[in-house]
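A closer look at the structure
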Amino acid sequence: MAEIVKENISISILRVNEEIANELRQFFNQKKIFVVNLISSPGSGKTMLIERLLDYFDKKKVFVFVGDIETEKDAKRIREKGANSYQIITGNTCHLEAIMIKKGLSLIEDCTEYLFIENVGNLVCPASYDLGEHLRISMISTPEGDDKILKYPKAFLTSDVIVINKIDLLKYLPFDIKKVEEEARKIKNEVKIFKISALLGEGVKDLADFIKEERERKFKN
Ligand code: MG
Ligand code: ZN
């Protein structure tokens, strides 16, 4: 019984989230702001990837929302790179919800063309919460092990892009990158895969170019 009640609550929470996410997407479409939701485990390099991506964008046109359970550390790092950022401190919540994004909308400027959302480090529930994004990226990093795709299929199934980060460490780790790519394709054949080292900047430009092309495709009229 308790399980059934719990299930109903989560379905209604997700339904409300979906409504707000659709509202957000309308807002973003109207303003031609292309929104990227970045999902991964803690420590796999989300903030560093955004820092490196910023090198290929006009920083005045990028706004970054950063979700963390505690601290403003990551938003500060983004600001030090020269882009605007807003830290969402979620307290007990291990994922971002559309309502949290809505609260930050008034901060976004007229010149903003891209909103990067760094989700809370977690490969589980962020997969269930639409944030009104246009592009979802799920990332794994080589030290985490090469079994993440099959263990957390929802994150990868709901993503448009899979990033494999920290490829500079491949030579030290028992990480079978071919197997990871095959498993990713098994889950979602059309998914885009980028192999990068955010630390060394390797492969980051290709991802930046892809994001720009996707924005152009989305808002071509
Ligand atoms: Mg971070
Ligand atoms: Zn959660």
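Residues numbered from 1 in each chain as written. Chains lettered and ligands numbered in written order. Predicted model: local features only at pLDDT ≥ 70, side-chain atom pairs only at ≥ 80, totals over all residues. Heavy atoms only, no water.

What about the packing of helix α2 (residues 46-54) against helix α8 (residues 204-218)?
To keep things clear, this is the line we draw: To obtain an axis, a line is fitted to C-alpha atoms, over the contacting stretch when the element is a helix, and the angle between two such axes runs from 0 to 180 degrees between their N-to-C directions. Numbering of helices and strands runs from the N terminus; a helix is a DSSP stretch of H or I covering at least four residues, while a strand is a stretch of E covering at least two. Orientation categories follow fixed angle ranges, with anything under 35 degrees roughly parallel, anything over 145 roughly antiparallel, 65 to 115 roughly perpendicular, and all other angles oblique. A contact between two residues is defined here by any heavy atoms of the two lying within 4.5 Å. Throughout, the ten residues Ala, Val, Leu, Ile, Met, Phe, Trp, Tyr, Cys and Pro are labelled nonpolar, Asp, Glu, Lys and Arg are labelled charged, and all others, Gly among them, are labelled polar.
Contact geometry of α2 with α8 gives a least axis separation of 9 Å together with a crossing angle of 75°. Relative to α8, α2 is oriented roughly perpendicular. Contacts between α2 and α8 involve Leu49, Arg52 and Leu53 from the former and Val204, Leu207, Ala208 and Ile211 from the latter. Looking at side-chain class alone, the contact of α2 with α8 contains six nonpolar, no polar and one charged residues.

As for the coordination of the magnesium ion (ligand 1)
Put simply, the test is: Distances decide who is a donor: an N, O or S atom must be within 2.8 Å of the metal, or within 3.2 Å for Na, K and Ca. Water is not included, so sites may look incomplete. Exposure categories follow from relative accessible area, calculated using a 1.4 Å probe and restricted to protein chains: below 20% of the type maximum is buried, above 50% is exposed, and the middle band is partly exposed.
Distances from the magnesium ion (ligand 1) to its protein donors, Thr47 (OG1), Asp74 (OD) and Glu118 (OE), fall at 2.0 to 2.1 Å. We note that the donor set of the magnesium ion (ligand 1) lies within a single chain, spaced as T-x26-D-x43-E. You can see Asp74 sitting in helix α3 (residues 73-80) and its partner Glu118 sitting in strand β4 (residues 114-118), a full 44 residues away along the chain. Take Asp74: its relative accessible area is 13%, and that puts it in the buried class. Since its relative accessible area comes to 3%, Glu118 is described here as buried.

Some points on the pairing of strand β1 (residues 34-40)
Put simply, the rule is: Strands were regarded as paired on the criterion that DSSP finds at least two bridges between them.
Within β1, seven of the seven residues are buried, which leaves it mostly tucked inside the rest of the structure. Burial of β1 is two-sided: the residues Phe34, Val36, Leu38 and Ser40 facing one way and the residues Val35, Asn37 and Ile39 facing the other way are all buried. Sheet topology places β1 next to β4; five bridges connect them, and they run parallel. If you follow Val36 over to β4, its bridge partner there is Phe116. With five bridges connecting them, β1 and strand β5 (residues 135-141) associate as parallel partners. Looking at the pairing, Ile39 lines up with Ser138 of β5.

Focus: the coordination of the zinc ion (ligand 2)
Only Cys94 (SG), His95 (ND1) and Cys125 (SG) from the protein reach the zinc ion (ligand 2) as donors, at distances of 2.0 to 2.2 Å. For the zinc ion (ligand 2), all donor residues lie on one chain, and their spacing in sequence is C-H-x29-C. Residue Cys94 is found in the loop between β3 (84-89) and α4 (98-104), and its partner Cys125 is found in the loop between β4 and β5; the two are separated by 31 residues along the sequence.

Considering the layout of surface pockets
Selection criterion: Here a cavity denotes grid points, spaced 1 Å and computed from the protein atoms alone, that fit a 1.4 Å probe unable to get out, and a pocket denotes an open set having protein on both sides within 12 Å along at least 5 of 7 lines; residues with an atom within 4 Å of a point are the lining. Grid points are joined across faces, edges and corners, and a volume is the space filled by probe spheres set on the points.
Estimated volume of the largest pocket: approximately 240 Å³. Together, 22 residues line the largest pocket, and Gly43, Ser44, Gly45, Lys46 and Thr47 are the ones closest to its centre. Secondary structure elements with two or more residues in the lining of the largest pocket: α2, β2 (62-68) and α3. The element that contributes the greatest number of residues to the lining of the largest pocket is α2, accounting for three residues.

Structural notes on the nonpolar core
Defined as follows: Residues belong to a common nonpolar core when they are buried Ala, Val, Leu, Ile, Met, Phe, Trp, Tyr or Cys residues joined through side-chain atoms within 4.5 Å.
Counting 30 residues, the largest nonpolar core has Leu49, Leu53, Phe116, Ile137, Leu207 and Ile211 as the members making the most contacts within it. Elements that contribute at least two residues to this core include exactly β1, α2, β2, α3, β4, β5, β6 (161-165) and α8. Of the residues forming this core, the biggest block, five residues, is contributed by α8. The contacts of Phe116, once residues within four sequence positions are left out, are Val36, Ile50, Leu53, Phe57, Val62, Phe63, Val64, Phe65 and Ile211. In terms of nonpolar packing, the next biggest core, distinct from the first, is built from 19 residues, Ile20, Val35, Ile88 and Leu105 among them.

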